[in-house]
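# Architecture at a glance
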Amino acid sequence: MPKCPFCGKEISRVDEHGVHLFEKYYTCPECERILPLFSWKLEDFLKEKYVVLRPDDPEIKRKGDFTLFRGKVYKIDEFYFLEPFLVLELVEDELVADILKAELEGEGDA
């Protein structure tokens, strides 16, 4: 389940609201804060293919442009810069993800 970047709680859905400026906006059903989500990323967010986290989240291991979060490898998306958050896109190439995961997991062993 995705994690709210504000309250840190796992959420299975978001609350959708009417148009604010140019498009709909979404809030966390737990803390009711507006989530930094674009409508075209909502489905990926709910499937954890698109993740928005605080850079100091204890569940992530970071190395360069990649992070390990809940056993999956993500690339930091510099295009969607949403300070103070990290925006992550799931690395879907299994071979690349396995290599990066081994490197990221090995960081704690060194």
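Predicted, not measured: the structure shown is a model, and the values here were computed from it. (Residues numbered from 1 in each chain as written. Predicted model: local features only at pLDDT ≥ 70, side-chain atom pairs only at ≥ 80, totals over all residues. Heavy atoms only, no water.)

## Comments concerning the pairing of strand E5 (residues 66–69)
Put simply, the rule reads: By definition, two strands form a pair when at least two bridges between them are found by DSSP. Think of it this way: any DSSP run of H or I at least four residues long counts as a helix, any run of E at least two long counts as a strand, and we number them from the N terminus.
Pairing between strand E4 (residues 60–63) and E5: four bridges, direction antiparallel. Counterpart to Lys-61 in the pairing with E5 is Leu-68. Once E4 ends, the chain turns through two residues before running back antiparallel as E5, passing Gly-64 with a positive phi of about 60 degrees. Bridge count for E5 against strand E6 (residues 72–76) is four bridges, and the pairing is antiparallel. Paired with Thr-67 across the strands is Tyr-74, a residue of E6. Connecting the antiparallel pair E5 and E6 is a turn made up of two residues, with Arg-70 showing a positive phi of about 55 degrees.

## Concerning the packing of aromatic side chains
Quick note on the threshold: Side-chain rings of Phe, Tyr and Trp, where Trp is taken by its six-membered ring, are said to pair if the distance between their centres is within 6.5 Å; with planes under 30 degrees apart they count as stacked, over 60 as edge-to-face, and otherwise as tilted. Partly exposed residues are those whose accessible area sits between 20% and 50% of the maximum for their type, while under 20% is buried and over 50% is exposed, using a 1.4 Å probe and protein chains only.
Under the criterion given, the structure shown has three aromatic pairs. Measuring from ring centre to ring centre gives 4.8 Å for Phe-38 and Trp-40, while their planes differ by 15 degrees; the resulting arrangement is stacked. Phe-38 gets classed as partly exposed once you look at its relative accessible area, which sits at 23%. Classification of Trp-40 as partly exposed rests on a relative accessible area of 49%.

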